[in-house]
Amino acid sequence: MARIAVMGAGSIGCYVGGRLAAAGADVVLIGRERLAREIARHGLHLSDYRGGSWSQHPAQINIATSVTAATQAQLVLVTVKSAATLAAGEELARVLDAQAVVVSLQNGLGNAQRLRQHLQAQTVLGGMVPFNVLQRGEGRFHQGTEGELEVEAHVRLAPFLAEFERAGLPLRQPADLPAVQWGKLLLNLNNPINALSNLPLKTQLSQRAYRRCLALAQREGLALLQQAAVAPARLTALPPAWLPRVLQLPDLLFGIVARRMLAIDPLARSSMWEDLQAQRATEVDWINGEIVALAQSLGRSAPVNARLVELMHAAEQGGRREWSGAELLAALTAAL
Ligand SMILES: NC(=O)C1=CN([C@@H]2O[C@H](COP(=O)(O)OP(=O)(O)OC[C@H]3O[C@@H](n4cnc5c(N)ncnc54)[C@H](OP(=O)(O)O)[C@@H]3O)[C@@H](O)[C@H]2O)C=CC1
Ligand SMILES: CC(C)(CO)C(=O)C(=O)O
């Protein structure tokens, strides 16, 4: 059986790695000491929005705090935040066999490329996680929204596909992963809005003023993508180009037209909110910052996303962390 290592055991790493292990795969989670202590004390308890649950005792979980645990791995799932990708790649390069397959299960566009800087001998593939995972403490991780994992199509994934199927997390292999990543990035433009609202995703997206903030950020991104001749993949019931218009609908109508967009666990929050709470640098430069960088490459500007980047950096440094929808909308509109 193939050894699978998860580099960066946190929300996504513990959930995906834990589901694979629960289905019998040989998984080692590589994470921080605080997580190792939590799992040693409580075990790992996974649940999903459909009512599924998978519990493992501490003795059933293979968790390590050093990258040397990845030495024998044939497959490595990288689940660190974007700021930690280069360091993770450097650590992995010290121990991985040249035959190892490394998959980035991260948001943003360039993490696989960053890993390749250090992992030149290995096969490094980009991926995309569509669903939300909330850490609830005491070894509990909850998948709060739907969707299937997507990984850049590659023949070297074949030996692992059955393990993901068995775990109930089948891997889709799209021919055009960058289009999928751009489609996801357009959705993730909401991450700073959610973090700055200090509200659960469902509550935040139920309020029109916050949705209008997202519509502004997406409209800006969509116009730039069109100019760059990039067609983002459709990841929701609605095509990406329709989203800004639908987001602006009054609350009642939005609830009807976009019912599936609000099918979110009431407690779920964005990963950027989690970073802000944990006093970590957020991924805003790798998400909204990508729209700003795209604008620059086209000789244009992206004032709404640039403002969101500034507001997040201010919040990271102890600035304002709680904005009403109307206040945030006014701040973004003023940037136009
Ligand atoms: N959470 C979610 O719902 C979703 C997240 N994503 C994306 O998935 C990726 C992972 O996110 P998420 O799981 O939330 O992140 P987390 O912060 O929950 O987990 C990452 C963990 O990896 C640890 N870590 C970082 N570097 C190393 C290292 N070198 N060795 C061992 N451990 C390390 C971090 O510790 P420390 O903080 O101390 O550095 C942290 O505990 C991100 O790109 C995110 O955007 C995508 C979809 C949904
Ligand atoms: C699933 C989603 C879009 C929202 O939780 C996410 O990717 C994140 O939190 O980073």
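Please read these numbers as outputs of a predicted model, since none were measured by experiment.

Asker: What is the right way to look at the environment of alanine 179 in this model?
Answerer: Within the secondary structure, alanine 179 sits in helix α6 (residues 177–188). Alanine 179 sits 125 residues away from tryptophan 54 along the chain, and the two C-alpha atoms are 33 Å apart. Apart from the residues within four sequence positions on either side, alanine 179 is in contact with Ala231, Pro232 and Ala233.

Asker: How should the site of ligand 1 be read in this particular structure?
Answerer: Lining the immediate surroundings of ligand 1 are 27 residues, of which Ile12, Glu91, Asn107, Val133 and Glu283 lie closest. Leucine 105 is positioned such that a nitrogen or oxygen atom in its backbone is 3.5 Å from an oxygen atom of ligand 1. In this structure, asparagine 132 approaches ligand 1 through a side-chain N or O atom, which is 3.5 Å from an oxygen atom. Relative to its unbound accessible surface of 890 Å², ligand 1 loses 91% to contact with the protein. Going through the elements one at a time, α1 (11–22) and β9 (133–137) are the ones with two or more residues in the shell around ligand 1. Among the residues making up the shell around ligand 1, the classes are represented as 10 nonpolar, 10 polar and 7 charged. Taken domain by domain, the makeup of the shell around ligand 1 includes at least three residues from each of domain 1 (4–167) and domain 2 (177–334).

Asker: Just to check I follow, could you spell out the packing of aromatic side chains for this structure?
Answerer: Aromatic rings considered in pairs are described by the distance between their centres and by the relative angle of their planes. Applying the stated criterion to the full structure yields 1 aromatic pair. Note on tyrosine 15 and phenylalanine 131: the rings are 5.8 Å apart at their centroids and 70° apart in plane angle, and the pair reads as edge-to-face. On the criterion of sequence distance, the pair formed by tyrosine 15 in helix α1 and phenylalanine 131 in the loop between β8 (123–128) and β9 is long-range, its members being 116 residues apart. Overall, tyrosine 15 belongs to the buried group, its relative accessible area being 0%.

Asker: How should I be thinking about α6 in this particular structure?
Answerer: A turn of α-helix holds 3.6 residues, and therefore any two residues three or four places apart point the same way. Given a rise of 1.5 Å per residue, 12 residues ought to cover 16 Å, and the 16 Å separating the end C-alpha atoms of α6 matches this to within 8%. Summarising burial for α6: 10 of the 12 residues are buried, a large majority. Within the span of α6, buried status applies to Leu177, Ala179, Val180, Gln181, Trp182, Gly183, Lys184, Leu185, Leu186 and Asn188.

Asker: What's the story with the UniProt feature "domain: Ketopantoate reductase N-terminal" (unreviewed entry) in the protein chain in this structure? I'm lost.
Answerer: The UniProt feature table records "domain: Ketopantoate reductase N-terminal" (unreviewed entry) at residues 4–153. Each end of residues 4–153 is marked by a C-alpha atom, and these two atoms are 18 Å apart; helix forms 27% of the span and strand 31%.

Asker: I'm lost on the site of ligand 2 in this one. Help?
Answerer: Near ligand 2 you find Asn107, Pro130, Phe131, Asn132, Lys184, Asn188, Asn191, Leu201, Ser270 and Ser271, and these make up its full shell. Within the side chain of lysine 184, one N or O atom sits 2.8 Å away from an oxygen atom of ligand 2. One of the side-chain N or O atoms of asparagine 191 is found 3.1 Å from an oxygen atom in ligand 2. In terms of residue class, the shell around ligand 2 is built from 3 nonpolar, 6 polar and 1 charged. Split by domain, the shell around ligand 2 shows at least three residues from each of two domains, domain 1 (4–167) and domain 2 (177–334).

Asker: What should I look at first to understand the UniProt feature "domain: Ketopantoate reductase C-terminal" (unreviewed entry) in the protein chain in this one?
Answerer: Under the feature "domain: Ketopantoate reductase C-terminal" (unreviewed entry), the UniProt entry names residues 179–315. The straight-line gap between the two end C-alpha atoms of residues 179–315 is 31 Å; of that span, 62% is helix and 0% is strand.

Cut-offs used in this document
- Along each chain, the written sequence defines residue order, and numbers are assigned to residues from 1.
- Key to labels: chains lettered from A, ligands numbered from 1, both in the order written.
- Since the coordinates come from a predicted model, pLDDT governs what is reported: local features require at least 70, and pairs of side-chain atoms require 80 or more to be given and counted, while whole-chain, interface and lining totals use all residues.
- The side-chain values count all of the structure's non-hydrogen atoms but skip hydrogen atoms and water molecules.
- By definition, any uninterrupted DSSP run of H or I lasting at least four residues is a helix, any uninterrupted run of E lasting at least two residues is a strand, and each is numbered from the N terminus.
- We call two residues in contact when some of their heavy atoms are within 4.5 Å.
- In these notes, residues near a molecule or strand are those with any non-hydrogen atom within 4 Å of it.
- We call two N or O atoms a polar contact when they sit within 3.5 Å, provided that within protein one can donate a hydrogen and the other can accept it, with sequence-adjacent residues counted only if both atoms are side-chain atoms.
- Residue-level accessible areas treat just the shown protein chains as cover; the underlying method is Shrake-Rupley with a 1.4 Å probe.
- Note that Gly is not counted as nonpolar here; it falls among the polar residues with everything else outside the nonpolar set of Ala, Val, Leu, Ile, Met, Phe, Trp, Tyr, Cys and Pro and the charged set of Asp, Glu, Lys and Arg.
- Note that domain bounds follow an automatic or database assignment of domains.
- Pairing of aromatic side chains requires ring centres within 6.5 Å, counting the rings of Phe and Tyr and the six-membered ring of Trp. Pairs whose planes differ by under 30 degrees are stacked, by over 60 edge-to-face, and all others tilted.
- Categorising residues by exposure relies on relative accessible area from a 1.4 Å probe, with only protein chains included: less than 20% of the type maximum marks a residue as buried, more than 50% marks it as exposed, and the intermediate range marks it as partly exposed.
- Helix span, as expected, comes to 1.5 Å for every residue beyond the first.
- UniProt positions are given in the numbering used here, feature names are shortened, and annotations may be inferred rather than shown by experiment.

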